[in-house]
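# A structural walkthrough
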Amino acid sequence: MENKIKILVIGVLIAAITFGVIIVGIIVGGFSLFYFTVQEESGLKGNVMDISYDIVCTQGAAEKLTGMERLKVHGTVWNTGDNEVKNVTVTVIFTDATHDRVVKKTVVEGVDLLPDGAASVEFDAEYLREMTMPKTSVDETIQVNWIEDGQLKNFTKRLDGGTNNAKLQAEEEKKEVMRIAEE
């Protein structure tokens, strides 16, 4: 009987530790998944460039680097439009207001993307910084440049990978819903 209780207690402890690790990983990681589609209309009628993204941002403690925090952006970019997109350059911009730094990392350069999603390009960017207490988030921005009809075009989108910003955005959306409901 005593062995059964010990086994039960060990099982409960393992389950609690596993559950705790998962919850802490979600909170500390600040995991966000983004899927953006951008449509840029060119000067020619009916000619549309569709550049799509699938982006994941994570923020958490850096392994084997005590007192450091690692921010990662992993993404894929592809062309779902009708025309080939030439000379694509993707830059990830990390804006760290706490440490007063802006770091730009060009992760894709000079790539041509075939139409209808026939080809895609994956990229990774990483930023290391000293940990902050309390935890603060870093703003990530993706900038995509390409050539269309001989002209340089670009698109810039701020990625909301920080848990603090996500909470603020949810509160703002809730206020907007309440305001609409009152009308």
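## Considering the packing of aromatic side chains
Inspection of the entire model under this criterion finds 2 aromatic pairs. Ring centres of Y53 and F155 lie 5.9 Å apart, and the angle between their planes is 25 degrees; this geometry places the pair in the stacked category. Linking Y53 in strand β2 (residues 48–61) with F155 in strand β8 (residues 151–159), this pair joins segments that are 102 residues apart in sequence. By the burial criterion, Y53 is buried, and F155 matches it. Ring centres 5.4 Å apart and planes at 20 degrees place the aromatic pair F94 and Y127 in the stacked group. One end of the pair, F94, is in strand β4 (residues 85–96); the other, Y127, is in strand β6 (residues 120–130), with 33 residues separating them in the sequence. A residue is classified by how much of its surface remains accessible, and F94, at 0% relative accessible area, is buried. Among the residues examined, Y127 registers a relative accessible area of 5% and is labelled buried.

## Looking at the sheet that holds β4
Strands sit in the order β5-β4-β7-β8 across an open sheet of 4 strands; the sheet is antiparallel. In this open sheet, the two edge strands, each paired with only one partner strand, are β5 (101–113) and β8. The sheet shows a mean angle of 15 degrees between the axes of neighbouring strands, direction not considered. Note: strand β7 (residues 139–148) against β8, 9 bridges, orientation antiparallel. Its bridge partner being in β8, I147 is matched across the sheet by L152.

## Some thoughts on the nonpolar core
The tendency in soluble globular proteins is for nonpolar side chains to be buried side by side. Within the largest apolar cluster, 24 residues are counted, with the highest numbers of intra-cluster contacts made by Y53, V73, V90, F94 and I142. Broken down by secondary-structure element, the contributors of at least two residues to this core are β2, β3 (68–79), β4, β5, β6, β7 and β8. For this core, the leading source of residues is β4, giving 5 residues. The residues contacting F94, other than those within four sequence positions of it, are L71, V73, R101, V102, V103, K105, A125, E126, Y127, V138, D139 and E140.

Criteria and cut-off values
- Residues numbered from 1 in each chain as written.
- Predicted model: local features only at pLDDT ≥ 70, side-chain atom pairs only at ≥ 80, totals over all residues.
- Heavy atoms only, no water.
- Phe/Tyr/Trp six-rings, centres within 6.5 Å; stacked < 30°, edge-to-face > 60°.
- Helix = DSSP H or I, 4+ residues; strand = E, 2+ residues; numbered from the N terminus.
- Buried < 20%, exposed > 50% of the residue type's maximum accessible area, 1.4 Å probe, protein only.
- Pairing = 2+ DSSP bridges.
- Axes fitted to C-alpha atoms, helices over the stretch in contact; angles between N-to-C directions.
- Core = buried A, V, L, I, M, F, W, Y, C linked by side-chain atoms within 4.5 Å.
- Contact = heavy atoms within 4.5 Å.

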